[in-house]
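Here is how the chains run, residue by residue.
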Amino acid sequence: MRKHESVFVPFLDLKRQYHSIKREIDAAISEVLEKGRFILGEKVEEFEKAFAKYAKAKQCISVGSGTEALHIALRAAGVGPGDEVIVPAHTFIATALAASYCGAKPVFVDAREDTYCIDPEKIEAAITAKTKAVIPVHMYGQYADMGPIMEIAEKRNIIVVEDAAQSHGAEYKGKREVLGDVACYSFYPTKNLGAYGDAGAIVTNNGEIAENSFLLRNYGEKKKYEHITKGFNSRLDELQAAILLVKLKHLDRWVEKKRQIATEYNSALSKADVIMPMEAKYGKHAYYLYVIRSKQRDRLQQHLKAKGIDTLIHYPIPIHKQKAYSEYNSQRYPVAEKAAAEVLSLPMFPELTNEEIEAVAAAVRSFKP
Ligand SMILES: *Cc1c(COP(=O)(O)O)cnc(C)c1O
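All of these numbers come straight from a predicted model, not from anything done at the bench.

## Notes on the sheet that holds strand 7 (residues 182-186)
Logical step 1: The strand order across the open sheet formed by seven strands is 1-8-7-5-4-2-3, and the pairing between neighbours is mixed. Looking along the sheet, the strands with just one partner apiece sit at the ends: strand 1 (59-63) and strand 3 (105-109). The average angle at which neighbouring strand axes cross in this sheet is 25°, direction not considered.
Logical step 2: As paired elements, strand 7 and strand 8 (residues 200-204) share five bridges and run antiparallel to each other. Note on strand 8: the bridge partner recorded for Ala 183 is Val 203.
Logical step 3: Against the sheet, helix 4 (residues 66-76) engages strand 1, strand 2 (84-88), strand 4 (131-134), strand 5 (159-163), strand 7 and strand 8, with an angle of about 160° to strand 7.

See the structure below:
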């Protein structure tokens, strides 16, 4: 008799995705190597056109990472020292760092407990005469409620920079386009559209933000060796652009697959003793992450680990509790703090097998809080 094989479900396995598109990827990489041009070449231009089309934006400016996309977009929109930038208290630290890099001050606003996105009702109270921009983050793959956010921003003359690092493929009221002044994407390898290294992009319909972003990502260079501002070296490279061009063609299919897996988790977990993710009526969740919640989160994570299920926490320490932001440590954002203490991300990638999905669900169901 065969010995009982123990289950192991990885949180994410990028090798499976690579093997499913290996021929296309290998060909794209060798094409770049054979051409011998590695920075700001044809593939970058081609990707920028393709991604602008995907995001239904006039311009796409590719950059070195999602963090740099946010940083450069803020600067391109005129954010600088003395300004305040409203950011969600519940997000990855890069959202706040981008404001800090500009010399601006991040001002946190608490999350909504159902979507984990910034709470539009709490934005107005955080606005001061110094507020220059707000960065709604489309958390876990679901849009923040952009309607009310845009209304406040227009009324108070504030720039809206969307942090779309987690939301490739999501929709808000049937739309996938830039809803704010500019949207910033990350192509970090684990994201819904991921490169094989760091990469990011800015998309916008605002000509001035686009022009400034093109300058800032490339040493502030207007013409060869003519520099009109102190820019950065933050460019997407040809290899990553070639890889992203291949993967972009599969993105919609992958997001659909993730949505199917979410539906399967939703029904398999309906009787489990956890809070499930909710899809807001206003949009389409792209399930970058499938995040459940439990008051006994750490015990739940241990329980799943013992059953061979790999999970992660996004994110265990709110930004205002981080040492890097010690000046904020005494501030309180109850929803963000609760989320940090209770959220748990289950395995969620398009290549998960039915057996794996069932094993994850069964392990969660067998947890007794
Ligand atoms: C991943 C991520 C970033 C940063 O992107 P990088 O490409 O890793 O620099 C910014 N904001 C959010 C919400 C993210 O998830």
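## Section: the site of the ligand
Logical step 1: In the neighbourhood of the ligand, 16 residues make up the surrounding shell, with Gly 66, Thr 67, Gln 166, Ser 186 and Lys 191 lying closest.
Logical step 2: Measuring from a nitrogen atom of the ligand, one finds a side-chain N or O atom of Asp 163 at 2.8 Å.
Logical step 3: Contacts to the ligand include Gln 166, whose side-chain N or O atom sits 2.8 Å from an oxygen atom.
Logical step 4: Here the ligand has 380 Å² of accessible area as a free molecule, and 94% of this is covered by the chains.
Logical step 5: Comparing atom positions with the cavity grids shows the ligand to sit within the largest pocket.
Logical step 6: Going through the elements one at a time, helix 4 and helix 5 (94-101) are the ones with two or more residues in the shell around the ligand.
Logical step 7: Residues of the shell around the ligand, tallied by class, amount to seven nonpolar, seven polar and two charged.

## Some thoughts on the side chain of His 285
Logical step 1: Inspection of the secondary structure puts His 285 in the loop between strand 11 (283-284) and strand 12 (290-293).
Logical step 2: When neighbours within four sequence positions are excluded, His 285 is seen to be in contact with Tyr 140, Gly 141, Gln 142, Arg 259, Met 278 and Glu 279.

## A word on the side chain of Lys 258
Logical step 1: Inspection of the secondary structure puts Lys 258 in helix 8 (residues 238-268).
Logical step 2: Separated by 2.7 Å, the side chains of Lys 258 and Asn 192 make a polar contact.
Logical step 3: One polar contact links the side chain of Lys 258 to the main-chain carbonyl oxygen of Tyr 288, over a distance of 3.3 Å.
Logical step 4: With sequence-adjacent residues up to four places away left out, Lys 258 is seen in contact with Asn 192, Ala 286, Tyr 287, Tyr 288, Met 348, Phe 349 and Pro 350.

## Remarks on helix 8
Helical geometry note: an α-helix holds 3.6 residues per turn, so side chains three or four residues apart project in the same direction.
Logical step 1: A rise of 1.5 Å per residue sets the reference length of helix 8, with its 31 residues, at 45 Å; its end C-alpha atoms lie 43 Å apart and thus fit the reference within 8%.
Logical step 2: Along its length, helix 8 reaches its greatest deviation from straightness, about 45°, at His 250.
Logical step 3: The residue sitting at the N-terminus of helix 8 and contributing the capping side-chain oxygen is Asp 237; that oxygen lies 3.1 Å from the backbone nitrogen of Leu 239.

## Observations concerning the layout of surface pockets
Logical step 1: Estimated volume of the largest pocket: approximately 470 Å³.
Logical step 2: Along its surface, the largest pocket is lined by 28 residues, and Tyr 188, Thr 190, Lys 191, Tyr 288 and Tyr 315 are the ones closest to its centre.
Logical step 3: Going through the elements one at a time, helix 4 and helix 5 are the ones with two or more residues in the lining of the largest pocket.
Logical step 4: The element best represented in the lining of the largest pocket is helix 4, accounting for three residues.
Logical step 5: Classifying every residue of the lining of the largest pocket by side-chain character gives 15 nonpolar, nine polar and four charged.

## What to know about the domain arrangement of the chain
Logical step 1: The domains assigned to the chain are domain 1 (2-13 + 251-365) and domain 2 (18-248).
Logical step 2: For domain 1 versus domain 2, the distance between C-alpha centres works out to 25 Å.
Logical step 3: The interface formed by domain 1 and domain 2 includes four salt bridges.
Logical step 4: Between Lys 284 and Glu 171 there is a salt bridge whose closest N-O contact spans 3.9 Å.
Logical step 5: Our count for the contact surface shared by domain 1 and domain 2 stands at 27 residue pairs in polar contact (both at pLDDT 80 or more).
Logical step 6: Put simply, the parts of the chain that give the side of domain 1 that touches domain 2 at least two residues each are helix 8, strand 11, strand 12 and helix 10 (334-342).
Logical step 7: A class-by-class count of the residues in the side of domain 1 that touches domain 2 yields 23 nonpolar, six polar and six charged.

Calculation criteria
- Residues numbered from 1 in each chain as written.
- Predicted model: local features only at pLDDT ≥ 70, side-chain atom pairs only at ≥ 80, totals over all residues.
- Heavy atoms only, no water.
- Pairing = 2+ DSSP bridges.
- Helix = DSSP H or I, 4+ residues; strand = E, 2+ residues; numbered from the N terminus.
- Axes fitted to C-alpha atoms, helices over the stretch in contact; angles between N-to-C directions.
- Contact = heavy atoms within 4.5 Å.
- Near = heavy atom within 4 Å.
- Polar contact = N/O pair within 3.5 Å; in protein donor to acceptor, adjacent residues only side chain to side chain.
- Areas by Shrake-Rupley, 256 points an atom, 1.4 Å probe, with all protein chains shown as cover.
- 1 Å grid on protein atoms, 1.4 Å probe; cavity = no way out; pocket = protein on both sides within 12 Å on 5 of 7 lines; lining within 4 Å.
- Sits in = over half its atoms within 2 Å of the grid points.
- Nonpolar A, V, L, I, M, F, W, Y, C, P; charged D, E, K, R; others polar.
- Expected span 1.5 Å × (residues − 1).
- Bend = angle between axes of the 7 residues up to and from the residue.
- Points joined across faces, edges and corners; volume = space filled by probe spheres on them.
- Domains from an automatic or database assignment.
- Salt bridge = Lys/Arg side-chain N within 4 Å of Asp/Glu carboxyl O.

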